[in-house]
Amino acid sequence: MHRILSFILLFLTISSYAQQDYEAQQRQLEERKASILKEIKEYQTLLNTNKKQERNILAELNEQNKKIKLQTELINNSNKQVKTLGNDIYVNTIASNKLRKELAVLKDDYAKTIVKSYKSRSEQNRIMFILSSENFLQAYKRMQYIKQYAKYRKSQGDEIRSKFEELERISAHLEVQKRKKEQVANEQEGQRKVLQEDKNKQSELMSLVQKDSKKYSAQIKNKQQETKKIDQQIKSIIKKIIEEENRKRRKEEARKKREEEARNAKTGSTSKPTTTVTKTSSSGKFDLTPAEKALATSFSNNRGSLPWPVEKGYISLGYGDQPHPEYPSLTIHNSGIEISTEKGASVRSVFEGEVMNIQVIGNNKAVFIRHGEYITVYQNLASTSVSKGQKVSTKQKIGTVGTNHEGKSILKFVLTKNESINNPQSWLSGR
């Protein structure tokens, strides 16, 4: 009896852990699904707005590629949901069948016990069974046997009731799972139809591009040349910021050193002047004060969880060298990420820091914010709401995004550690 109860307890414990794992997986998949759907909705709103502007085939094709990628990710997420639900349905079906068999055995055993009890049901039989004992010890043992037998019958009934309740719970859960799986499968079918429509649209746009490949190829090359000039300008500004800050720090340090030496001369002290700035061993790096070093460490610790520089939008062009989506033979380079957003959207600082510079680059402005040894650059702003030397906090508005001649509102976001450019996407949260 003890072994049976131990086995039941072990089975229920394993089932509980399996259920918790399944629920955690489903919760993660549902959260990711909601995130993708939100991104697709925001993206579609922006796409519809952009279509009202002057048509640009390359831009439309790039947007269509992005939408296909999102739709494909949504379908893959649904596949994982269906697979997880199927696995859990299989596990619960086995558990349900096992419980039914165990319940049948328990009921049969209980029925036999009841019949046996019925045959010796009279109180007189029990009394005679005890009185017929040869001695007091035997009588005592027979009384204990009767009590244990009654307790065993009760435990049998409790076990049957417990297994029946567990069976009902699993059966109800199975019904919910089956309905959920059917719902996800239906949603997946709709997602596949949308994906096919997007691919058809993509093919139409590709045909338009291929008809005039020389024209579009020239457009891409011109844009890349313009981008390289802007990137070089940003690098030059960052280099100057570092040089000016280091010069300023060293000048301040020299002033403090002279003052301390003068005080020591008056008092006759032989102590050496204290150093408050960490000097770098190579050029192109900030000389950090303890406070700036702490800020840089705090910024670094938040890698992967920094807020987006705009509330809504999607990454329309990623970081680094990559083949052009329409012309794989052409390699394009991006020193940051480009985020398509709403017209006039507010741009915000991704972390606390100090505004180091505001420059006109191209037709719009760029704001440079320092976070210790890190700098974030917010390019293509129509207006700014901060000034050079101003301290800013996380998510503080620093300006509004500009709109290009195609009617698109795109923010370019760049992140560097000293002069070394980083992939900013790996620093931002997953929304």
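Residues numbered from 1 in each chain as written. Predicted model: local features only at pLDDT ≥ 70, side-chain atom pairs only at ≥ 80, totals over all residues. Heavy atoms only, no water.

**Re the overall build of the protein chain**
And then number 1: Regarding its fold elements, the protein chain presents 6 helices and 12 strands.
And then number 2: Looking at the 431 residues of the protein chain, the share that counts as buried comes to 40%.
And then number 3: When contacts within the protein chain are restricted to residue pairs at least 6 apart in sequence, long-range pairs at least 24 apart make up 73% of them.
And then number 4: A total of about 25,600 Å² of accessible surface is found on the protein chain, and carbon and sulfur atoms cover 52% of it. (Helix = DSSP H or I, 4+ residues; strand = E, 2+ residues; numbered from the N terminus. Buried < 20%, exposed > 50% of the residue type's maximum accessible area, 1.4 Å probe, protein only. Contact = heavy atoms within 4.5 Å. Areas by Shrake-Rupley, 256 points an atom, 1.4 Å probe, with all protein chains shown as cover.)

**Things to note about the packing of aromatic side chains**
And then number 1: This structure, assessed with the given rule, holds 5 aromatic pairs.
And then number 2: On the basis of an interplanar angle of 50° and a centroid distance of 5.4 Å, the ring pair of Tyr378 and Phe413 is categorised as tilted. One end of the pair, Tyr378, is in strand 8 (residues 374-384); the other, Phe413, is in strand 11 (residues 409-417), and 35 residues separate them in sequence.
And then number 3: For Tyr378, a relative accessible area of 0% translates into the label buried.
And then number 4: Three or more aromatic residues joined by ring pairs make a cluster, and in this case those are Phe299, Phe351, Tyr374 and Trp427.
And then number 5: Directly above the ring of Phe286 sits Arg370, whose terminal nitrogen or CZ lies 3.8 Å from the centroid. (Phe/Tyr/Trp six-rings, centres within 6.5 Å; stacked < 30°, edge-to-face > 60°. Lys NZ or Arg CZ within 6 Å of the ring centre and 35° of its normal.)

**Digging into the nonpolar core**
And then number 1: Judged by nonpolar contacts, the single largest core of 28 residues is most densely connected at Val347, Val367 and Tyr378.
And then number 2: Breaking this core down by element, the ones donating at least two residues are helix 6 (290-301), strand 4 (337-341), strand 7 (364-371), strand 8, strand 10 (397-401) and strand 11.
And then number 3: Once residues lying within four places of it in the same chain are set aside, the contact partners of Val347 are Pro309, Val310, Tyr378, Leu381, Gln396, Lys397, Ile398, Gly399, Thr400, Val401 and Leu411.
And then number 4: The next biggest cluster of nonpolar side chains, apart from the first, holds 15 residues, and it includes Ile230, Ile234, Ile242 and Leu288. (Core = buried A, V, L, I, M, F, W, Y, C linked by side-chain atoms within 4.5 Å.)

**Some details on the pairing of strand 4**
And then number 1: Of all 5 residues in strand 4, 5 are buried; the element is thus mostly enclosed.
And then number 2: Pairing analysis gives 3 bridges linking strand 1 (residues 314-317) to strand 4, with the strands arranged antiparallel. Following the sheet pairing, Leu317 is matched in strand 4 by Glu338.
And then number 3: Alignment of strand 4 against strand 11, held across 5 bridges, turns out to be antiparallel. Each bridged residue has a counterpart across the sheet, and for Ile337 the counterpart in strand 11 is Phe413. (Pairing = 2+ DSSP bridges.)

**Observations concerning unusual backbone geometry**
Generally, phi is negative for residues other than glycine and the peptide bonds are trans, each holding for most cases.
And then number 1: In this structure, Asn380 takes a positive phi of about 80° despite not being glycine.
And then number 2: Note on placement: Asn380 falls in strand 8.
And then number 3: At Lys395, a position not held by glycine, the phi torsion is positive, near 70°.
And then number 4: In this structure, Lys395 sits in the loop between strand 9 (391-392) and strand 10.

**Some remarks on a nonpolar patch on the surface**
And then number 1: A cluster of nonpolar side chains, Tyr90, Val91 and Ile94, forms an exposed patch at the surface whose accessible area comes to about 310 Å².
And then number 2: Note on Val91: relative accessible area 45%, which makes it partly exposed. (Patch = residues over 30% accessible without salt bridge, like charges linked within 9 Å, V, L, I, M, F, W, Y side chains within 5 Å. Salt bridge = Lys/Arg side-chain N within 4 Å of Asp/Glu carboxyl O.)

**Considering helix 6**
In an α-helix, one turn spans 3.6 residues; hence positions three or four apart end up facing the same way.
And then number 1: Between the first and last C-alpha of helix 6 there are 16 Å, a value that for 12 residues agrees with the 16 Å anticipated at 1.5 Å per step.
And then number 2: Buried within helix 6 are the following residues: Glu292, Leu295, Ala296 and Phe299. One side of helix 6 carries all its buried residues, which in axial view fall inside an arc of 100°. In this structure, helix 6 carries Pro290 and Asn301 as exposed residues pointing more than 90 degrees from its buried face. (Expected span 1.5 Å × (residues − 1). Arc of directions from axis to C-beta.)

**So, the pattern of salt bridges**
Side-chain pairs of opposite charge can arise where the charged atoms are in close proximity.
And then number 1: A full pass over the atoms with the stated rule returns 10 salt bridges.
And then number 2: In this structure, the salt-bridge partner of Glu245 is Arg249, at a minimum N-O distance of 3.4 Å. Taken together, the residues Glu245 and Arg249, both in helix 5 (residues 213-267) and 4 residues apart, mark about one turn of the helix.
And then number 3: By relative accessible area, Glu245 is classed as buried at 6%.

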